[in-house]
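The primary structure of each chain is shown beneath.
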Amino acid sequence: MTTDARAPLSRLIRPETIAVFGGKEAARVVEQCVKAGYRGQIWPVHPTRDTVHGHPCYRSVADLPGAPDAAFVGVNRALTVEILRDLRQRGAGGAICYASGFAEAVQELPDGPALQAELVAAAGTMAMLGPNCYGFINMLDDALLWPDQHGMKHVDRGVAILTQSSNIALNITMQARGLPIAYLMTAGNQAQTGLSALAAAAIEDERVTAVGLHIESFDDLEDLQHLAARSRALGKPVVALKVGKSAAAQRATLSHTASLAGNDRVSSALLKRLGIGRVHSLPQMLETLKLLHVCGPLSANTVSAMSCSGGEASLMADAGVDKAVEFRDLKPEQFPALRDTLGAMVTLSNPLDYHTFVWGHRARQADAFSTVMGGDYGINLVVLDFPRGDRCDAGDWMTTVDAVLDAKRRTGAATGIVASLGETMPEAVATRLIGEGVVPFCGIDEALAAIEIAHGVHAAWARPAPAPLLTARAVATEIQSLYEDRAKPMLAAFGVSVPYGLIARNADQAVSVADRLGYPVAVKGIGIAHKSDVGAVRLNIRSASEVFAAATAMSSIADRFLVEKMAPKPVAELIVGALRDPVVGPVLTLGAGGVLVDLIDDSTILLLPTNPAEIGKAIDGLRVSKLIAGYRGGPPGDKNALVQLVACVADYVADNATRLEELDLNPVLVLPEGEGVIAVDAFIRTRS
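The rules behind these values
Residues numbered from 1 in each chain as written. Predicted model: local features only at pLDDT ≥ 70, side-chain atom pairs only at ≥ 80, totals over all residues. Heavy atoms only, no water. Helix = DSSP H or I, 4+ residues; strand = E, 2+ residues; numbered from the N terminus. Buried < 20%, exposed > 50% of the residue type's maximum accessible area, 1.4 Å probe, protein only. Contact = heavy atoms within 4.5 Å. Areas by Shrake-Rupley, 256 points an atom, 1.4 Å probe, with all protein chains shown as cover. Lys, Arg positive; Asp, Glu negative; His and termini not counted. Charge placed at Lys NZ, Arg CZ, Asp CG, Glu CD. 1 Å grid on protein atoms, 1.4 Å probe; cavity = no way out; pocket = protein on both sides within 12 Å on 5 of 7 lines; lining within 4 Å. Points joined across faces, edges and corners; volume = space filled by probe spheres on them. Nonpolar A, V, L, I, M, F, W, Y, C, P; charged D, E, K, R; others polar. Pairing = 2+ DSSP bridges. Axes fitted to C-alpha atoms, helices over the stretch in contact; angles between N-to-C directions. Right-handed = clockwise from strand over helix to strand, strands pointing away. Expected span 1.5 Å × (residues − 1). Arc of directions from axis to C-beta. Parallel < 35°, antiparallel > 145°, perpendicular 65-115°, else oblique. Left-handed = near helix turned anticlockwise from the far one by under 90°. Polar contact = N/O pair within 3.5 Å; in protein donor to acceptor, adjacent residues only side chain to side chain. Phe/Tyr/Trp six-rings, centres within 6.5 Å; stacked < 30°, edge-to-face > 60°.

Here we take up the overall build of the protein chain. When you go through the protein chain residue by residue, the secondary structure sums to 23 helices and 30 strands. Seen through its C-alpha atoms, the protein chain measures out along the principal axes to roughly 95 × 80 × 40 Å. Relative to its 688 residues, the protein chain shows a buried fraction of 55%. Once local pairs closer than 6 in sequence are excluded, the contacts in the protein chain between residues at least 24 apart make up 71%. With an accessible surface of roughly 27,800 Å², the protein chain has 51% of that area assigned to carbon and sulfur atoms. For the protein chain, the separation between the mean place of its 62 positive charges and that of its 74 negative charges on side chains is 2 Å.

In structure tokens:
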């Protein structure tokens, strides 16, 4: 169901009246609302009970005092359908469908998908989460449609976290990292309302600062794009933990393109295009949300790091090696003040080991921290692992905290305190730091990943907003394979440069064609996808006898031959491909081509539509781009012509978006600058 066809979700997630249906689970919802201090009205519905946790019971939807803003429906799957129909007719704001046994249980219950369709029809335009949904927690208004215990507390502002998984949601409620969570939401089967639409409703709450998504599978791309647009417009970042890295395409393919464009790479390209930061673990998500809650996106990826240990400084430096963060050197003007504060024995560098000479001295620590934090870094980190509170005295550590806060107040710089171990950041300290505008990071790796992602969001927002995705659905017709004799003319009509060649039906015709074209030539067997693997291609043939011999040798595996004028020696070889992703639709793949496809992992994904600037940037991100730039004195390649060829392929894909399944140009020869590019092999799988 599209966003426009649904009732707004705001009434459901910020309810003033809550109805609960069912026994044990419904009673737990009432219990959690009471414990949290929910200030609205609670209306339990039960056929025999008189009260639930002090609230009088009603017998049916019709008996309720009014139309509830939100309802928790914790009854069996068949009765759930009836209650949803009654709620919709009564004008309710929305419902949580707790019951399972719908589309997710098709193996055990064959009627599950049909019953889910009936459920969606019963809800109509009334908002519905689930089925198989645990509900949500709103700690801004203390409204909990949640049938279990949890570890959250009231907040006045905070982040929203959404997931399909009830158990992951429950685990997140138990975090002790100081992260203020405003909304914790589950979506279940997403039969009517998906994570993206639910997140879009939460992000509109002025008290929400950032959003985290745990995504098992993308729901509605239109809703996801709307969420990204609202994120950018409101200045509230979204990050996503997309699982399924191992779910790369597992089908038999006839080209290299499909092996390069696995689901996970497409997921990364999609999130990057939309300006949604991608995290890779739950701890990383929580720490990134913490940074975004306190500081928002970071305009720079430069980092200063300070600790009283050389070992910690080394850990910090090493952790940054594989991340897009920069430990920029200290500025010369910072040296005198640092030398005066820290003494002659401290090596002044970044990361900075300030030793223990100022340990326990708040004023001197604050002076040192202020000097470093005045260096105009994107964020400034102080490594500080706290001792166990049950066995040790943390007095000197709190002195360091006070010194960091002093420096933060003086400079106004973005600041974080990093515990190298998650368990050495006490929750009380983390909560205090967030209140003071300092990020309490749990883990060095997580801190640097969060910084990289926060800067990535800033960079994405600095670019023009992306055009809507090309998500054309495939027509339901038979798939046919087009080999280069048919594929090349189709691509050439869109401006793709290909070698001039002619078809020969036997060895004698091959010789005649070669004589006409002029030597050297290439001879290829037609109708074979991986020609080099089976000896169906011969290159750089310089005589009629060699042509005759080559065609004769191939005659056992091919009954026709393509004879082409031999292309010049290239500066680099690339693969340019396209593939239909089951979620996103047609996508482009660029990478190192020729034999390098199988030897090195050097490829990237471009979502459609695209433009020359995006294509050029994608090419620059490949390792093979060094060859195109002119490697070790070699001639530079014709990058402009390569960009134009990729743009022509993109035009072909867009024009055939409902029919194209797969396209493979490998190799595309990049000739010296000014001499163009040539796609010497082509393969297309398309629907007839």
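Approximately 1,600 Å³ is the volume found for the largest pocket. Every residue lining the largest pocket is counted, 47 residues in all, and those nearest its centre are Ser 268, Ala 269, Lys 272, Arg 273 and Arg 463. When contributions to the lining of the largest pocket are tallied by element, the ones reaching two or more residues are helix H9 (263-274), strand E14 (277-279), helix H16 (444-462), strand E27 (603-607) and helix H21 (612-620). Per-element accounting of the lining of the largest pocket gives the leading share, eight residues, to H16. Tallied by class, residues from the lining of the largest pocket come to 20 nonpolar, 13 polar and 14 charged.

With that settled, consider the sheet that holds strand E10 (residues 158-163). One open sheet holds the seven strands; their spatial order is E9-E8-E11-E10-E12-E13-E14, and the pairing between them is mixed. The outermost strands of the open sheet, each flanked by one partner alone, are strand E9 (143-145) and E14. Between one strand axis and the next, the sheet turns by 15° as a mean value, whatever way the strands run. With five bridges joining them, E10 and strand E12 (residues 208-215) adopt parallel strand pairing. Directly across from Thr 163, in E12, lies its bridge partner His 214. Contacting strand E13 (238-242) and E14, H9 runs over the sheet at an angle of about 140° to E14.

Of all five residues making up E13, five are buried, and the element is well covered by its neighbours. As defined by bridge partners, E12 adjoins E13 across five bridges and the pair is classed as parallel. Note that in E13 the partner of Leu 213 across the bridge is Ala 240. In this region the chain leaves E12, passes through helix H7 (residues 221-234) and returns to the parallel neighbour E13; the handedness of that crossover is right-handed. The sheet contact formed by E13 and E14 spans three bridges and is parallel. Across the sheet, the residue bridging to Ala 240 is Arg 278, located in E14.

This paragraph deals with the sheet that holds strand E16 (residues 352-353). The strand order across the open sheet formed by five strands is E16-E15-E17-E18-E19, and the pairing between neighbours is parallel. Either end of the sheet is taken by a strand with one partner, and the two such strands are E16 and strand E19 (439-442). Pairing analysis gives four bridges linking strand E18 (residues 415-419) to E19, with the strands arranged parallel. Bridging from a neighbouring strand, Gly 416 pairs with Val 439 of E19.

Take helix H4 (residues 112-123) next. Across its 12 residues, H4 extends 17 Å between first and last C-alpha, which sits within 8% of the 16 Å expected from 1.5 Å per residue. Among all positions of H4, only Gly 112, Leu 115, Gln 116, Leu 119, Ala 122 and Ala 123 are buried. Buried residues of H4 fall within an arc of 120° about the axis and therefore sit on the same side. Exposed side of H4, more than 90 degrees from the buried face: Ala 114 and Ala 121 are the residues found there. Tucked into the core, H4 has its buried residues touching helix H3 (77-90), strand E6 (94-97) and strand E7 (127-129). Looking one or two residues past H4, Gly 124 carries a phi angle of roughly 60°, positive in sign.

Okay, the packing of helix H13 (residues 362-373) against helix H14 (residues 395-411) next. For the pair H13 and H14, interaxial distance at closest approach is 8 Å and the crossing angle is 45°. Classed by the angle they form, the pair H13 and H14 counts as oblique. With respect to the hand of their crossing, H13 and H14 are arranged in right-handed fashion. Residues Arg 362, Gln 365, Ala 366, Asp 367, Phe 369, Ser 370 and Met 373 of H13 touch H14, and the partners they reach there are Thr 399, Thr 400, Asp 402, Ala 403, Val 404, Asp 406, Ala 407, Lys 408, Arg 410 and Thr 411. For the contact of H13 with H14, the per-class residue count stands at six nonpolar, five polar and six charged.

Time to look at H7. Side chains three or four residues apart in an α-helix point the same way, a direct result of the helix having 3.6 residues per turn. The end-to-end C-alpha distance of H7, which contains 14 residues, comes to 20 Å, matching closely the 20 Å that a straight helix rising 1.5 Å per residue would cover. Three or more residues of H7 are buried, namely Leu 221, Asp 223, Leu 224, Gln 225, Leu 227, Ala 228 and Ser 231. Next to the buried residues of H7 lie helix H6 (195-203), E12, E13, H9 and H16. The N-cap of H7, judged by a side-chain oxygen 2.8 Å from the amide nitrogen of Glu 222 a few residues on, is Asp 220. Two residues or fewer after H7 comes Gly 235, characterised by a positive phi angle close to 70°.

Within this structure, the stated rule accounts for seven aromatic pairs. Summarising the aromatic geometry, the rings of Trp 359 and Trp 397 are spaced 5.3 Å apart at their centres and angled 80° between planes, so their arrangement reads as edge-to-face. One end of the pair, Trp 359, is in the loop between E16 and H13; the other, Trp 397, is in helix H14, and 38 residues separate them in sequence. You can call Trp 397 partly exposed: its relative accessible area is 23%. Centre to centre, the rings of Tyr 483 and Phe 683 are 5.4 Å apart; their planes meet at 50°, and the pair counts as tilted. One end of the pair, Tyr 483, is in the loop between strand E20 (479-482) and helix H17 (484-492); the other, Phe 683, is in strand E30 (residues 682-687), and 200 residues separate them in sequence.

Attention now goes to the environment of Ser 497. Along the chain, the position of Ser 497 falls in the loop between H17 and strand E21 (501-504). With 145 residues separating them along the chain, Ser 497 and Leu 642 place their C-alpha atoms 9.9 Å apart. When residues no more than four places from it in sequence are discounted, the contact partners of Ser 497 are Leu 645, Val 677, Ile 678 and Ala 679.

Our focus in this paragraph is the side chain of Arg 278. For Arg 278, the location among the structural elements is in strand E14. The buried category is assigned to Arg 278, whose relative accessible area is 11%. Among the polar contacts made by the side chain of Arg 278, one reaches the main-chain carbonyl oxygen of Lys 242 at a distance of 2.9 Å. Here the side chain of Arg 278 touches Ser 268 through a polar contact of 2.5 Å, side chain to side chain.

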